[in-house]
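Listed below are the residues making up each chain.
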Amino acid sequence: MPVPQFDYIAPKRVDEAVAALVEGGKETRVMAGGTDLLVKIRHRMLFPKRIVSLKQIEGLDAITFDKNTGLTIGATALLADVAAHRSIRRYYPTVADAAQSTANVQVRNMGTVVGNLCNASPSADNAPTLMAMGATVNITGPTGSHRMALDQFFQGPGITALKTGEIVTSICVPLPPAGSGTAYYSLSQRGKLDCSAVGVGTMVTLKGNRCMDVRLIVGACAPVPMRTLGAEKMLIGKKMTDTLIRKTAQAASKETSPITDVRASAPYRWKIVAVLTIRALADARKMALGKR
Amino acid sequence: MKVHSIIGKDIPRTDGRAKATGQAIYADDIKLPSMLYGKLLRSPVPHARILSIDTRKAAAMPGVRCIITGQDIPRITYGNWRLFPGTQDEYALAMDKVRFIGDEVAAVAAVDRDTAEAAVEQIKVEYEELPGVFDVTAALTKNAPVIHDTSPTNISIDRKIAYGDIEAGFAASDYVREDTFTVHAVSHAYMEPCACVAQSDLDNRITLWTSTQTPYIVQCLLASTLNMRENDIRVIKPNVGGGFGGKMELRPWEFCAAFMARQTGRPVKFTLTREEELAFGRRRHPMTIRSKVGYKSDGTLVAKDLHIYLDGGAYNAMGPTATFLSGNFGAMLYRYPNYRYIGEHVYTNKPPASAMRGFGAPQTLFAAETQMNMAAEELGIDPIEIRLKNAMVSGNELPGVATISSCGFVESLKAARRISGWSRKRKRLKTGRGVGIGCYSFISGGVFNWFNTQYPFSAAEVRAFADGTVHLLTMASDIGQGSDTVLKQILAETLGLKMEDIRLTAADTAMTPQADLGTWGSRVTLMAGNAVLDAAKKIKEKLAGAVSARFDLNVIFDIEFADGRVFAAGKPDRGMTFGEAVAFVQKAQRGEPLVYRGSYTPRGKGLVSPAFSFGAQVAEVTVDTDTGQIQVEKMWTAHDCGTVLNPMAVEGQLEGSVHMGLGYALSEQFVMDGGKTLNTTFLDYKIPNAADMPPGESVCIDTFEPEGPMGAKEAGEGLVSPTAPAIAEAVFHATGYRCKDLPITPEKVLKGLGKL
Ligand SMILES: Cc1cc2nc3c(=O)[nH]c(=O)nc-3n(C[C@H](O)[C@H](O)[C@H](O)COP(=O)(O)OP(=O)(O)OC[C@H]3O[C@@H](n4cnc5c(N)ncnc54)[C@H](O)[C@@H]3O)c2cc1C
């Protein structure tokens, strides 16, 4: 079959976009940069009748930072903008790094961080770090606006908690607590510029050498970017020694349920989760201790 | 040494500007009035009998103009080995059986692409599925399903080479080792997917614009399959975005475009998608390579016994040539007093493998060079030393095959050792970091004529004009490698003209001189270059005569051609401009234009190639021993391609080779489920990116090849071979893991290190 024909509309306001989505129902799709959506249409995995672009909505691409409320990344803020943003680089270096490690120059200049999340790929490069940092998602729909923890947002491969007519307008990331450190490691077959076969993001909060809080998220090894709660428990309240990090990494690996696909085999992924978890935790510890 | 003004200089590609600005016309850019768009229906199953095809529903769709199946076309097979019709095993559309997922079953021509695609999906084919075989082992087991009735063992062809006394050789060896290597299929991944447009005129003659490396072969095979005369088919090669061996045969869309153009009276275009190319396209042969070698304890080679199974896929394609060449590449780099080769080309129910850059060499040399490194390790000899001991030198013979007229292999080895800092690095690198070496030799075109042409292998026509310009006509096909530029350079240098003085018409079978066997086996610079020189020599003879007569020169004078002038050597005032000389000749000929033909056919050059190139490459890698990931830090290359006609062009070939070799070594592979290719986009078919390219350094060894134009020989195809063995050895040096089955994936490294 040929590439489907669709209507394209670009409303100027969020409520107009919501109205267009409600009116169009299931066969309507939101588009930010289109780097996922248009590829899927081209490959005949999606057949929308109508596309609602968010690009014309003023202010939706804003990135704002405030030391009290934290960071807000608008729905149409580009991956490239997030990667280069000064406050993000300063206060959320791992958020910037994750954006920078997504795709290539061309895609980063079109694609968005929010689109990366809404696409709900288990391997989305921006999800683990943002989940680790306790990000929330701001949603507007026909019944008004609400917010949701990013943890709750992913439901399965390509499936989010969004209901018909709902749009993510932005995500918020709280200011990282004192004594915290973050890190994201990903790995793919081709070295640079490639979709991740495994990704691990973490945030640890230390008091001295003791771990007060930790979040550890593994990408591409389960139907959604996955929090490894068991592994986290092993660390909390303990001294974060190399030995404990290695044990935690093994535990994190066991919690995941990777599959074998064209990008990597399940046994390899299990192994790599452990390796990357060690690296991510060690890096985050270093940052928390002010050594990075 | 003669000083050149154009040869040996960094002359930019004459097509570079048009390509960079998007003005270059490729086959898919061609649009003709009332043109139809074609689409192929392909088999969804790997092996089946076709019971029935129902095209009625598709034919009734508005906009559909023509549908054809195997029943509508002449029952004539094709293949490039015309001399052996038994090897010609392919029909343009499947007749009774399909043999791989993607086998072409029917074709639709419609008013637009969408309609053609929609119509293809409405064709109903009933298949009776047959069991399939998907690797060599399965294909060769007793009672395996037979893919072609003509080959009951599934072996379509075998080739043997033997000299010396292999058993005596092993008996006289101090050290014998036997290994089995396996190598995988990879895609040509040319940037331009295949495309063509066919037009049929009122006299029923066909013109075909097609993305091909071999317009002459396409012309001949299209004529035979359509039951037409060769001269009624005109094949034109527009700009081509790469071929690498994947575009050197007649292909079903070319046939279907021509057939349906004749049927409908309207031009028909086919353009393949990238997914079609990756899922169903030609690929490099996977091989199982069993190699036994014997050495003296000082590292001197005594004997080699090589047995290769080529996994050919469903049809022969260029497999027979690859089977033959693999045996030659097995013993081209070093002196083997005793050698035996058996190559067997095996059918499987997968997309056919075919020629691909190196034509058997990347596979064979991965095995041979890795085995050489293993032997060096066990004999306690430095890998470069053991090679120096056995290296071919000028004048060495490939027994019964050829004498190597120029060879800079020893110099290449020494230069690679020097520029890479080999000796220091081999001793002192920390774990996880290593250096390794791989080498190659390659042919400068084949001397074999299995296509059975009655024409010269290459031909050129040069027309000289009184305005000081010339027109070069040649069937040589520039597919992106830069041969148009190099042929112009050769002609401009010879006639003392500038690049811009030369107009070129190339690769149009109705307009350019017969014939040219095409672009493959690194034959173009040497063969077409020699044809150009031959024509230029005849033009020069005439012009020299004119100047000699005009100035009443003593016959002992040499006549020079330089700076657009023709003059007596040492007496520049006794001469005239090139244009004046042409006018003079024309007047003497009473108006006849000054036109000469030149040609080249290798004769008395043995069985393989008129000339051989050599080189050595060192890779340095870092291996992450926890993840198994390999980072290639740098590549050093020293190679002998004879006279370097255009350094910039050679460098481009080298970089492209390293890039392709890198993908072959590390990341590119088809993920298969039985006969189904699972990774059909560049997201999952992993070609290295620009960011993955290591820096490199290179040296060209200065040799002069007597058989080559101005001393030149092959550059850039052979170079694709050393990269994988060099990286594999570097990985071994870094980690102790020895890869004998490409590609070297992170998973294999971890398994090899016992960590997975
Ligand atoms: C060559 C290439 C390489 C890539 N490499 C990577 C990589 O390395 N890592 C990686 O993680 N991804 C990669 N991607 C995927 C993709 O580029 C990213 O996921 C990108 O961030 C998507 O953003 P977008 O704005 O283009 O999303 P779009 O394509 O516009 O949208 C994606 C999905 O989210 C929905 N959506 C978008 N915005 C909203 C919103 N505000 N509210 C509700 N729904 C919304 C859309 O309906 C669609 O379903 C790659 C893609 C390509 C083409």
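Residues numbered from 1 in each chain as written. Chains lettered and ligands numbered in written order. Predicted model: local features only at pLDDT ≥ 70, side-chain atom pairs only at ≥ 80, totals over all residues. Heavy atoms only, no water.

Regarding the overall build of chain A
Along its length, chain A carries 12 helices and 14 strands. A globule of 292 residues ought to have a C-alpha radius of gyration of about 19 Å, and chain A, at 19 Å, matches this closely. Seen through its C-alpha atoms, chain A measures out along the principal axes to roughly 55 × 45 × 35 Å. Looking at chain A as a whole, 53% of its 292 residues qualify as buried. (Helix = DSSP H or I, 4+ residues; strand = E, 2+ residues; numbered from the N terminus. Rg over C-alpha atoms; globule rule 2.2 N^0.38 Å. Buried < 20%, exposed > 50% of the residue type's maximum accessible area, 1.4 Å probe, protein only.)

Let's talk about the packing of aromatic side chains
In total, this model carries 22 aromatic pairs over all chains according to the counting rule given. Between the aromatic rings of Phe65 of chain A and Tyr92 of chain A, the centroid separation amounts to 5.9 Å while the plane-to-plane angle is 85°, which identifies the pairing as edge-to-face. Note that Phe65 of chain A is positioned in strand E4 (residues 63-66) and Tyr92 of chain A in the loop between helix H4 (86-91) and helix H5 (93-100), a separation of 27 residues in sequence. Taken together, a centroid distance of 5.6 Å and an interplanar angle of 70° make the contact between Phe153 of chain A and Phe154 of chain A edge-to-face. You'll find Phe153 of chain A and Phe154 of chain A in the same group, each marked buried. The side chain of Lys247 of chain B reaches across the aromatic face of Tyr190 of chain B, ending 4.2 Å from its centre. Across the ring face of Tyr664 of chain B, the terminal group of Arg284 of chain B is positioned such that the distance to the ring centre comes to 4.4 Å. (Phe/Tyr/Trp six-rings, centres within 6.5 Å; stacked < 30°, edge-to-face > 60°. Lys NZ or Arg CZ within 6 Å of the ring centre and 35° of its normal.)

Regarding the interface of chain A and chain B
Contacts between chain A and chain B engage 25 residues on the former and 29 residues on the latter. Carbon and sulfur atoms make up 52% of the area that chain A and chain B hide from each other, which totals about 2300 Å². Counting every contact that joins chain A to chain B gives 4 salt bridges. A salt bridge links Arg44 of chain A to Glu121 of chain B; its shortest N-O distance comes to 3.2 Å. Joining chain A to chain B, the criterion identifies 7 residue pairs in polar contact (both at pLDDT 80 or more). Among the elements that make up the side of chain A that touches chain B, the one with the highest residue count is helix H12 (residues 266-288) of chain A (6 residues). (Contact = heavy atoms within 4.5 Å. Buried area = accessible area lost by both parts, 1.4 Å probe. Salt bridge = Lys/Arg side-chain N within 4 Å of Asp/Glu carboxyl O. Polar contact = N/O pair within 3.5 Å; in protein donor to acceptor, adjacent residues only side chain to side chain.)

Looking at the pattern of salt bridges
Considering all chains together, one arrives at 54 salt bridges over all chains under this definition. A salt bridge links Glu620 of chain B to Lys425 of chain B; the shortest N-O distance between them is 3.0 Å. With Glu620 of chain B in strand E28 (residues 612-623) and Lys425 of chain B in helix H13 (residues 422-427), the pair connects residues that are 195 residues apart, well separated along the chain. Accessibility classification places Glu620 of chain B together with Lys425 of chain B in one group, the buried group. Asp516 of chain B is the salt-bridge partner of Arg523 of chain B, the closest N and O atoms lying 3.0 Å from each other. Owing to a relative accessible area of 1%, Arg523 of chain B belongs among the buried residues under this scheme. Salt bridges here are not isolated pairs; linked through shared partners, they connect Asp151, Arg215, Arg227 and Glu232 of chain A.

A short note on the state of the cysteines
Applying the stated criterion across every chain, the model contains 0 disulfides over all chains. Free of any disulfide, Cys172 of chain A has its nearest cysteine sulfur in Cys118 of chain A, 14 Å distant. Cys220 of chain B forms no disulfide, and the closest cysteine sulfur to it belongs to Cys196 of chain B, at a distance of 17 Å. Taking the relative accessible area as the measure of exposure, Cys220 of chain B reaches 2% and is therefore buried. (Disulfide = S-S within 2.5 Å.)

Details of the domain arrangement of chain A
All names here are of chain A. When the domains of chain A are assigned, the result is domain 1 (7-53), domain 2 (63-173) and domain 3 (180-290). Here domain 1 and domain 2 have C-alpha centroids that lie 19 Å from each other. With 12 residues of domain 1 at the contact, the number on the domain 2 side is 15 residues. For the pair domain 1 and domain 2, the summed buried area comes to about 990 Å², and 72% of that belongs to carbon and sulfur atoms. Inspection of the domain 1/domain 2 interface yields 0 salt bridges. (Domains from an automatic or database assignment.)

A word on the domain arrangement of chain B
Quite often, the size of an interface is put as the accessible area lost when its parts meet. All names here are of chain B. What the domain assignment reports for chain B is domain 1 (16-22 + 457-600), domain 2 (31-130 + 191-242 + 247-280) and domain 3 (361-448 + 608-752). Distance from the C-alpha centre of domain 2 to the C-alpha centre of domain 3: 38 Å. At the junction of the two partners, domain 2 supplies 6 residues and domain 3 supplies 9 residues. Our enumeration of links across domain 2 and domain 3 arrives at 0 salt bridges. Where domain 2 meets domain 3, there are 1 residue pair in polar contact (both at pLDDT 80 or more). Considering only residue class, the side of domain 2 that touches domain 3 consists of 4 nonpolar, no polar and 2 charged. (Nonpolar A, V, L, I, M, F, W, Y, C, P; charged D, E, K, R; others polar.)

Regarding the sheet that holds strand E26 (residues 571-577) of chain B
All names here are of chain B. On the basis of which strands lie adjacent, the open sheet formed by 3 strands has the order E24-E25-E26 and antiparallel pairing. Of all strands in the sheet, those with a lone pairing partner are strand E24 (559-562) and E26, marking the two edges. Strand after strand, the sheet turns through a mean of 30° between neighbouring axes, direction not considered. Pairing analysis gives 4 bridges linking strand E25 (residues 565-568) to E26, with the strands arranged antiparallel. Each residue of the ladder has a partner; that of Ala568, found in E26, is Lys571. (Pairing = 2+ DSSP bridges. Axes fitted to C-alpha atoms, helices over the stretch in contact; angles between N-to-C directions.)

Some points on the sheet that holds strand E11 (residues 233-236) of chain B
All names here are of chain B. Judged by pairing direction, the sheet is mixed, and its 7 strands sit side by side in the order E3-E5-E1-E12-E9-E10-E11 without closing on themselves. Where the open sheet ends on each side, the last strands, each with one partner, are strand E3 (64-69) and E11. This sheet shows a mean twist of 20° between the axes of neighbouring strands, independent of strand direction. Inspection of the sheet shows strand E9 (residues 195-200) paired to strand E12 (residues 268-271) by 4 bridges, in the antiparallel sense. When the sheet's bridge partners are listed, Ala195 is paired in E12 with Thr271. Helix H7 (residues 252-264) contacts strand E1 (36-42), E3, strand E5 (104-110), E9, strand E10 (206-210) and E12 of the sheet and is inclined by roughly 25° relative to E9.

Observations concerning the environment of Thr622 of chain B
Residue and element names in this part refer to chain B. Checked against the element boundaries, Thr622 lands in strand E28. The exposure class assigned to Thr622 is partly exposed, which follows from its relative accessible area of 25%. Between the C-alpha atoms of Thr622 and Val632, which are 10 residues apart in sequence, the distance is 6.4 Å. Discounting chain neighbours no more than four positions away, the residues touching Thr622 are Gly432, Arg433, Gln629, Ile630, Gln631 and Glu633. Engagement of the side chain of Thr622 in a polar contact is seen with the side chain of Arg433, the distance being 3.2 Å.

Considerations on helix H18 (residues 723-735) of chain B
All names here are of chain B. The end-to-end C-alpha distance of H18 is 18 Å, a good match for the 18 Å that 13 residues give at a rise of 1.5 Å each. In terms of burial, H18 is largely enclosed, as 12 of its 13 residues are buried. Along H18, the positions that sit buried rather than exposed are Thr723, Ala724, Pro725, Ala726, Ile727, Ala728, Glu729, Ala730, Val731, Phe732, Ala734 and Thr735. Positive backbone phi, approximately 90°, marks Gly736, located one or two places after H18. (Expected span 1.5 Å × (residues − 1).)

A closer look at the site of the ligand
All names here are of chain A. Taken together, 30 residues form the shell around the ligand, and within it Val30, Gly34, Thr35, Asp36 and Thr112 come nearest. Between Ala103 and the ligand, the recorded distance is 2.8 Å, taken from a backbone N or O atom to an oxygen atom. Measuring from an oxygen atom of the ligand, one finds a side-chain N or O atom of Thr112 at 2.7 Å. Across the complex, the protein chains shield 89% of the 990 Å² of accessible surface that the ligand would expose by itself. Considering every element that reaches the shell around the ligand, the biggest residue donor is helix H7 (residues 113-118), with 4 residues. Of the residues belonging to the shell around the ligand, the class tally is 16 nonpolar, 10 polar and 4 charged. (Near = heavy atom within 4 Å. Areas by Shrake-Rupley, 256 points an atom, 1.4 Å probe, with all protein chains shown as cover.)

Describing the side chain of Glu714 of chain B
All names here are of chain B. Inspection of the secondary structure assignment puts Glu714 in the loop between strand E32 (696-700) and H18. The side chain of Glu714 sits in the buried core without any salt bridge; Arg357 is the nearest counter-charge, 7.3 Å away. Here the side chain of Glu714 touches Ser613 through a polar contact of 2.3 Å, side chain to side chain. Discounting residues that sit within four places of it in the chain, Glu714 has contacts with Tyr440, Phe442, Ile443, Ser444, Ser522, Ser613 and Cys641. (Lys, Arg positive; Asp, Glu negative; His and termini not counted.)

Examining the packing of helix H14 (residues 483-495) of chain B against helix H15 (residues 524-550) of chain B
Residue and element names in this part refer to chain B. One way to put it is that H14 packs onto H15 with a least axis distance of 9 Å and a crossing angle of 30°. Here H14 is positioned roughly parallel relative to H15, judged by the angle of their axes. The chirality of how H14 crosses H15 is right-handed. The segment H14 lies against H15, with Ser483, Val486, Leu487, Ile490, Leu491, Thr494 and Leu495 engaging Val524, Thr525, Ala528, Gly529, Val532, Leu533, Ala536, Ile539 and Lys540. The class makeup of the residues in the contact of H14 with H15 is 11 nonpolar, 4 polar and 1 charged. (Parallel < 35°, antiparallel > 145°, perpendicular 65-115°, else oblique. Left-handed = near helix turned anticlockwise from the far one by under 90°.)

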